[in-house]
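# Commentary on secondary and tertiary structure
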Amino acid sequence: MSKNNGFKPKIIGFLCNWCSYAGADLAGVSRIQYPPNIRIIRVMCSGRIDPAFILEAFKDGADGVLVAGCHLPSDCHYLTGNFKASRRVALLRKVLKEFGIEPERVRLEWVSASEGDRFAAIVRDMVEQIRKLGPSPLKNMEAKA
Amino acid sequence: MMFKPKIIGFVCNWSQPTTLNSAGTGRIWGYPRIRFVRVMCIGRIDPVAVLETFAKGADGVLLIGCHPPDCHYVEGNLQTEYTVEILKKLIPLAGLEPERVKLLWYSPSEKQSFGQHVKDFYEQVKNFGPSPLRNEQPQSKLMLNILATKNVASDFRLRVLLGREKELTEGVNVYGEHIPKEELDATFDDIIREEFVRHMFYLLTKTKPFSVKELAETVGMKPAAVLRQIVNMRRRNMIILDHVEGTTPFYKALEVK
Amino acid sequence: MEKKKVGAVLVVGGGVAGVQASLDLADSGFKVYLIDQGPSIGGVMAQLDKTFPTNDCSMCILSPKLVATGRHPNISILTNAEITGLSGEAGNFEVKLRKRSRYIIEEKCNGCGLCAQKCPIEAVDMYNEGLAQRSAIYVDYPQAVPLKYKIDREKCIGCGTCYEICKAKAIEYEQKDSEVTLNVGSIILAPGFEAFDAKQKSEYGYGRYLNVVTSIEFERILSASGPYGGLVLRPSDGEIPKKIAFIQCVGSRDFQLGNPYCSAACCMYGMKEAVIAKEHTPSKLDATIFYMDLRAYGKEFDDYCNRAKEEWGIRFVRSRVAGVTEDTLTGNLHVHYVENETPKTEEYDMVILSIGMTPPKNIDKLAKILDIELNKYNFCETKHFSPLETSKQGIFVCGAFSAPKDIPESVAQASGAAAKAMSIIAPERGKLVTVKEYPPERDVSKEEPRIGVFVCHCGINIGGVVNVPEVVEYAKSLPNVAYAEANLYTCSQDTQKLIREKIEQHKLNRVVVASCTPRTHEPLFKETVQEAGLNPYLFEMTNIRDQCSWVHMHEPKEATEKAKDLVRSIVAKATLLKPLQKPVINVTQVGLIIGGGVSGMIAALELAKQGFEVHLVEREKELGGNLRKIHYLLENEDPQEKLNNLVRAVEGNKRIHVYLGAEVADVTGFVGNFKSKIALHDGEEKEVEHGIVIVATGATEYKPTEYLYGKNPKVITQHELEEKIANGRFKAKNVAMIQCVGARNEERPNCARICCGQAIKNALKIKEISPETEVYVLYKDLRAYGFKEDYYREAATKGVLFINYDDDRKPQVTSEPGKLKLLFWEPILKEEIELEPDFVVLSAATIPNPDNKRVAEMLKVPLTKDGFFLEAHMKLRPLDFATEGVFLCGMAHSPKYIDESISQACGAAARATTILSKSTLEMEGIVANVDEDLCSGCRICEYLCPYNAIEIKEKEGKPVAHVIEALCKGCGACGTACPTKAITMGHFTTEEILAQVKAALMEEATA
């Protein structure tokens, strides 16, 4: 079987409770269809997301990780959590390469409660992108090991 | 060469005119080009099936059922009258004469006149000439039209109402009010018009992304009206924005995977 | 005999003002009936895309408030309702309502929306301003509260489809309108406004030209959930415009139309819409705003304005547009206007009319029923010193109904009206509210996890796509799951009973529901498990509707697999769940107010009326603050008389302890438990304990350095002029006033808000006492917003000359011995004019109290870069600080008129009352926890916490972080940053999140 045939990317989405999770809800209520590859983990604030969570997700077999929070600068329910998330993800991206993970596998997006369309579009786009990248290199390593 | 119309007749299992052969799938004598398809009750005939028949190139469609009081399924056949009415609204949208579809009641006591009705229908269809859909390419405008009407007929909006039209016109609605036939008719006309346009856009944008202006030109509508329908189609997840070129958004059908 | 008072309040109007008032009342121990004419609450704010000046997403910030209102045990929402009768008196009213039928049984409808999906009839969607359609059975918008469908009886043909499709049996075609009688102690009116009907300005072509839209339509166009998905399109042809124009003051400042007042919010929202439109447009978009005066008078509004000009390149043209015509071929629009006396025409792709606010529809009828007075424009009549009171005792007003205003002012007024409404029934606090009793909590710490999983069909919303029985069977196979079942509707009342029974029968100690969104349904289920004796935090939820069946409708197999993954993942988390206790803290039911000006005094009086003791600390030797310097008003009220009454009331109130010549020297502690040191005038120090702090430190007049102020005695400030007039020492043949002195410049870019009003007031006073005196007002933008516009017009009519200047051509003041010269450019005559005025009066800015910095540091609250106090949220929390228990009001917040300070002061008192009304506060259980052994005392968490909820304490000789649970909001930022992993976040622990991730990614052996 060729490399990407039948490859179903697994994506973990860390969504903040107030904006992005609500955006995903709106995608649902509006019946906006997107590929079924994402598994959403709800956290109260994108500022809660530890880069270690993202690395763990890759270790556990994720092919991509989405971090979504409230729009900058001031939509954050906790005032500045989104800024914290943006700094942490930026730092993580630098480290990812060392782990052999393409930085494009991690996406940081701002999704508001009224952007159901946008949420779906992000998932669609991300699935497409990761399909192109192929399975996470960590996964292959484990399989080989 | 003389034109010999191809006519399909849907006939109720219980009302088979004795003019049909015993298999019930044969032909009425003298009209070899009428092919019959047996159904359990003409009341169950789906407008989609009739439109599909036209799409396949039939020149006329005949529906034959038991005379209203004789229906084996009590009142099943009465529904057919409403179905035919809707069909007569849908067929012209596909560029066909509404008279190409006809409903006939059969009862053994009216054998003679029945034969005459069949004959008249045959002649009428013959006069219309061959269906313009006969040798059409699948992507042609006319084919898209008939496909769109088919989609309209299978759309929930029409089906929901069609299923209740009899109840609503003959009795009262859920509020105990009587709705005049004309009012209901107007509602049907509106829905059919709107849905036809939407399904047309859907079929068109399935082939390639279209802009509002292009759609307007293709179907001869005002761009503002096209945009309003696109808004509705977005709400119903029939269409999405594909891309923007300069200042022009292009839309494509949201295909069900 | 006086009738018994009733501890309930009726709030009329469910917009943001009504919602805020309801929450404040209900949180302070009163029963609230919130009524709205429409089927849901939210008002106009629910239609907005973004809000200025922060460009926040409107729905993101409003929706949590709506949900809180909908779920509040002390708030009953009555929709489709209007008042038909009123009897009784303040303290005990009887209100009659007519509730129009929804044709839906509200208790049964769970908002699943299947009916709307299958309804064959379409109708115009007014939530989207007619730009889209909806079905005949509908909710206004997906986040509507209450999420109950409604049949549009006008459009419905009665086909009966919804009845058949509704699995909840919620449709009731026979439902009739009903009469409801309510007994309440007071009433708050928050009916909002009606948007101006743009068709009345026929010269702009609205209704005839497709590409002319109103500003509210444009909000919907900009919204991601709007008709065009957030892309700006021309309604005529769906093209993205390249050039758009905003026409301001449509239906405002229009004498001929009978709407001469200013609608107060349009300049800002116009600018915001222009900015957002550019942001939403992928191609280049030019935006021009045609305005008369740019009224960016609010807090940091000029900053926004400058950014709109400089960063976003919005073009501003000062002109009243004469008319709009259409190019019928292209649908483009020609905007005709006059600039510099020259008629001009410009072509645009789209024109947006910034429509004004008019009084609510049919308001005369309501006013008659309630016996309240309306002003000449049919807005609610109020007085300058009682801005929240209607003419009838016991009925209060807030929001745009008393005068056009923006959201933060409406919200502040709403809290203020809540204070007023509470004060007349204060003794009845807590009498009509329901306090929920729960059984004692079961100790599950010794038990192995036994999880119950309840999977919802949601009618066919989930079950129609996801194979629910398969998910249930799968759930049963998961480790630690002791029980699993499917429900038709897991949220229905009978299922709650069933869940409780199953908890008991199967000794469940964790519960998982797989259904819809926790954002709306989690509180309900938490309550259910609590009723069964479980700690509410032993509950978790996963969303297999919005994340599976509704978004993968055509992939039932994948949707089912995903649902299983989600269930497995949430069960893994649930296994690790720990009971959390909601911290309970004691409240010292005493207030501390810093500042004894009008705001501080009003706040003190309001708190005292609620029955609380107050310490009021004023630095000066007497109370009154800036009000001491005000001798007359535009409005016909005597400020000094009012001041004296106020001072008397404060000093005579036993609950208020006034400290004059004193200063708050130190504040420690947190919400409910503050301890402060007051440095008294005699050098002594007094320590007080209190539960809240209100900052009312006021502001001060700028001492100009410009225009020879201080060098020439004929150059004076407005306050000095007022003093002269009041003392009868004013005599002059001509006076020139210069606006924006010390404001709207490089150093202080923002507007000082009240100087335009001051200038008009003093100009009118001069014309009154000396009609022959010439008065010139040199201004940049005349910001006479709201009804102040009337006085502006009056002054102009009485011969006051208003002359516009801009920064390129500022007026010049020079002095020669014995002579004062003023040179300015007259833009209409197009020439330099030289005057020898008797006085040059400088409208000096109102600047922050220099003491703000010290107070801010002491309270650990932020200041704006201008030096005013910065509230928790500029739009919806204007009176709160992010730090719980600390509030602000008056000019400490930003410059404002007296009525506005009074509204805010009452509002701050109401906000404080939500805390002071309770002897103990129950906080959220999801808080951070510090493992002191692991803590290295690095202070990163202290620095990161936006709520000052972490303090560093000395423990056994080493510094350790300590979480003040009362202040922690549970965001988890500290835990994530902690280098030694000493901080755990309750309910979202690292272990829980990682278990959830791991399980979500697990490959199924069977799959």
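Notes on the structure in this doc start here. (Residues numbered from 1 in each chain as written. Chains lettered and ligands numbered in written order. Predicted model: local features only at pLDDT ≥ 70, side-chain atom pairs only at ≥ 80, totals over all residues. Heavy atoms only, no water.)

## Some details on the overall build of chain A
The secondary structure content of chain A amounts to five helices and four strands. Going residue by residue from the N terminus, the α and β elements of chain A occur as β-α-β-α-β-α-β-α-α. Here the C-alpha atoms of chain A give a radius of gyration of 15 Å, agreeing with the 15 Å that 2.2 N^0.38 yields for 145 residues. Overall, chain A is about 45 × 35 × 20 Å in size when its C-alpha atoms are taken along their principal axes. Counting every position in chain A, which comprises 145 residues, the buried fraction comes to 63%. Taking as baseline every contact in chain A between residues at least 6 positions apart, the subset at least 24 positions apart corresponds to 79%. Per element, the accessible surface of chain A, about 5300 Å² overall, is 58% carbon and sulfur. (Helix = DSSP H or I, 4+ residues; strand = E, 2+ residues; numbered from the N terminus. Rg over C-alpha atoms; globule rule 2.2 N^0.38 Å. Buried < 20%, exposed > 50% of the residue type's maximum accessible area, 1.4 Å probe, protein only. Contact = heavy atoms within 4.5 Å. Areas by Shrake-Rupley, 256 points an atom, 1.4 Å probe, with all protein chains shown as cover.)

## Details of the side chain of Gln229 of chain B
All names here are of chain B. The residue Gln229 is located in helix H8 (residues 223-235) in this model. Since its relative accessible area comes to 11%, Gln229 is described here as buried. At 2.6 Å, the side chain of Gln229 forms a polar contact with the side chain of Arg198. Gln229 has contacts with Glu194, Val197, Arg198 and Phe201, leaving out every residue within four places of it along the chain. (Polar contact = N/O pair within 3.5 Å; in protein donor to acceptor, adjacent residues only side chain to side chain.)

## Focus: the interface of chain C and chain A
At the junction of the two partners, chain C supplies 62 residues and chain A supplies 51 residues. When chain C packs against chain A, the two sides together hide about 4900 Å² of surface, and 57% of this comes from carbon and sulfur. Put simply, Arg519 of chain C and Asp25 of chain A hold a salt bridge, and the shortest N to O gap is 2.8 Å. One can count 24 residue pairs in polar contact (both at pLDDT 80 or more) joining chain C with chain A. Secondary-structure elements contributing two or more residues to the side of chain C that touches chain A are strand E4 (56-57), helix H2 (58-71), helix H12 (518-531), strand E28 (539-543), helix H13 (545-549), helix H14 (556-576), helix H23 (973-977) and helix H24 (990-1001) of chain C. Examining the composition of the side of chain C that touches chain A, we find that eight residues originate from one element, H24 of chain C, more than from any other. (Buried area = accessible area lost by both parts, 1.4 Å probe. Salt bridge = Lys/Arg side-chain N within 4 Å of Asp/Glu carboxyl O.)

## So, the sheet that holds strand E6 (residues 239-245) of chain B
Residues and elements named next belong to chain B. Judged by pairing direction, the sheet is antiparallel, and its three strands sit side by side in the order E5-E7-E6 without closing on themselves. Of all strands in the sheet, those with a lone pairing partner are strand E5 (210-211) and E6, marking the two edges. Examined bridge by bridge, E6 and strand E7 (residues 248-253) share six bridges and lie antiparallel to one another. From the neighbouring strand, Ile240 faces E7, where its bridge partner is Lys252. (Pairing = 2+ DSSP bridges.)

## With respect to the state of the cysteines
Residue and element names in this part refer to chain C. Taken as a whole and assessed by the stated rule, the structure comprises zero disulfides over all chains. The thiol sulfur of Cys156 is not disulfide-bonded, and the nearest other cysteine sulfur, from Cys162, lies at 6.1 Å. The class of Cys156 is buried, set by a relative accessible area of 15%. As a non-bridged cysteine, Cys456 has Cys458 as the owner of its nearest cysteine sulfur, 5.0 Å distant. (Disulfide = S-S within 2.5 Å.)

## Quick look at the environment of Thr205 of chain B
Residue and element names in this part refer to chain B. Mapped onto the fold, Thr205 is located in helix H6 (residues 181-207). When its relative accessible area of 2% is taken as the criterion, Thr205 is described as buried. Placed 50 residues apart in sequence, Thr205 and Glu255 show a C-alpha to C-alpha distance of 9.9 Å. Thr205 has contacts with Phe210, Leu215, Ile239, Tyr251, Lys252 and Ala253, leaving out every residue within four places of it along the chain.

## What to know about the sheet that holds strand E6 (residues 81-89) of chain C
Residues and elements named next belong to chain C. Strands sit in the order E6-E7-E12 across an open sheet of three strands; the sheet is antiparallel. The open sheet has two free edges, formed respectively by E6 and strand E12 (178-184), since each of these has just one partner strand. Adjacent strand axes in the sheet meet at a mean angle of 20 degrees, parallel and antiparallel pairs treated alike. Strand direction decides the pairing type here: E6 and strand E7 (residues 92-99), joined by eight bridges, are antiparallel. (Axes fitted to C-alpha atoms, helices over the stretch in contact; angles between N-to-C directions.)

## Digging into the pairing of strand E20 (residues 333-339) of chain C
Residues and elements named next belong to chain C. Pairing analysis gives four bridges linking strand E19 (residues 323-326) to E20, with the strands arranged antiparallel. Each residue of the ladder has a partner; that of Thr325, found in E20, is His334. Taken together, E19 and the strand that follows it, E20, pair antiparallel across an intervening segment of six residues, in which Gly331 is found at a positive phi of about 80 degrees. Pairing of E20 with strand E21 (residues 342-348), which is carried by seven bridges, proceeds in the antiparallel orientation. What sits directly across from Val335, in E21, is Glu346. If you look at the hairpin formed by E20 and E21, you'll find two residues sitting between the two strands, and Asn340 has a positive phi there, around 50 degrees.

## A look at the pattern of salt bridges
All names here are of chain C. All told, the structure shown has 110 salt bridges over all chains when counted by the stated rule. Among the ionic pairs, Glu94 bridges to Lys96, the shortest N-O distance being 3.5 Å. Look at Lys96 and you get partly exposed, because its relative accessible area is 38%. With a closest N to O distance of 2.9 Å, Asp781 and Arg744 form a salt bridge. Here Asp781 is found in the loop between strand E40 (774-779) and helix H19 (788-797), whereas its partner Arg744 is found in the loop between strand E39 (734-741) and helix H18 (755-769), with 37 residues between them in sequence.

## Side note on helix H6 (residues 266-280) of chain C
The end-to-end C-alpha separation of H6 of chain C is 20 Å, in line with the 21 Å expected for 15 residues at 1.5 Å each. The element H6 of chain C is largely enclosed, with a buried count of 13 among its 15 residues. (Expected span 1.5 Å × (residues − 1).)

## Quick look at H8 of chain B
Across its 13 residues, H8 of chain B extends 18 Å between first and last C-alpha, which sits within 8% of the 18 Å expected from 1.5 Å per residue. Residues Ala224, Val226, Leu227, Gln229, Ile230, Val231, Asn232 and Met233 of chain B constitute the buried set of H8 of chain B. Buried residues in H8 of chain B make contact with H6, helix H7 (212-219), E6 and E7 of chain B together with strand E8 (122-125) and strand E9 (132-135) of chain C. Phi turns positive one or two residues past the end of H8 of chain B, at Asn237 of chain B, with a value near 55 degrees.

## A word on the nonpolar core
Within the largest apolar cluster, 339 residues are counted, with the highest numbers of intra-cluster contacts made by Phe14 of chain A together with Phe218 of chain C. Shared between two domains, this core holds at least three residues of each, these being domain 1 (7-128) and domain 2 (155-253) of chain B. Setting aside chain neighbours within four positions, we find Phe218 of chain C in contact with Val213, Val232, Ile244, Phe246, Glu273, Ala277, Met350 and Ile352 of chain C. Among the nonpolar cores identified, the runner-up in size contains 27 residues, and Ala8, Tyr33, Ile187 and Ile395 of chain C belong to it. (Core = buried A, V, L, I, M, F, W, Y, C linked by side-chain atoms within 4.5 Å. Domains from an automatic or database assignment.)

## Observations regarding the environment of Leu103 of chain B
All names here are of chain B. Within the secondary structure, Leu103 is located in strand E4 (residues 101-106). Separated by 38 residues in sequence, Leu103 and Gly65 place their C-alpha atoms 7.7 Å apart. Residues in contact with Leu103, not counting those within four places in the same chain, are Leu63, Thr80, Glu81 and Val84.

## Section: the packing of helix H5 (residues 156-170) of chain B against H6 of chain B
Residue and element names in this part refer to chain B. Interaxial distance between H5 and H6 falls to 11 Å at its minimum, and their mutual angle equals 170 degrees. Overall, the two elements H5 and H6 adopt an arrangement that is roughly antiparallel. Residues Arg157, Leu158, Leu161, Leu162, Glu165, Leu168 and Thr169 of H5 pack against Lys181, Leu184, Thr187, Phe188, Ile191, Ile192, Glu194, Glu195 and Arg198 of H6. For the contact of H5 with H6, the per-class residue count stands at eight nonpolar, two polar and six charged. (Parallel < 35°, antiparallel > 145°, perpendicular 65-115°, else oblique. Nonpolar A, V, L, I, M, F, W, Y, C, P; charged D, E, K, R; others polar.)

## Observations regarding the packing of aromatic side chains
Residues and elements named next belong to chain A. Inspection of every chain in the model, using the stated rule, returns 26 aromatic pairs over all chains. Ring centres 6.2 Å apart and planes at 40 degrees place the aromatic pair Phe14 and Phe53 in the tilted group. With Phe14 in strand E1 (residues 11-16) and Phe53 in helix H2 (residues 51-59), this residue pair connects regions lying 39 residues apart in the sequence. The exposure class of Phe14 is buried, given its relative accessible area of 0%. The exposure class assigned to Phe53 is buried, which follows from its relative accessible area of 1%. (Phe/Tyr/Trp six-rings, centres within 6.5 Å; stacked < 30°, edge-to-face > 60°.)

## What about unusual backbone geometry?
All names here are of chain C. Residue Phe52 is joined to Pro53 through a cis peptide bond whose omega torsion reads -5 degrees. In this fold, Pro53 is placed in the loop between strand E3 (50-51) and E4. You will see that Asn80, though not glycine, has its phi angle at about 50 degrees, which is positive. Position of Asn80 relative to the elements: it lies in the loop between strand E5 (75-78) and E6. Of the residues examined, Asn80 reaches a relative accessible area of 0% and is grouped as buried. Unusually for a residue other than glycine, Glu956 sits at a positive phi of about 45 degrees. Tracing the backbone shows Glu956 in the loop between strand E50 (950-955) and strand E51 (958-963).

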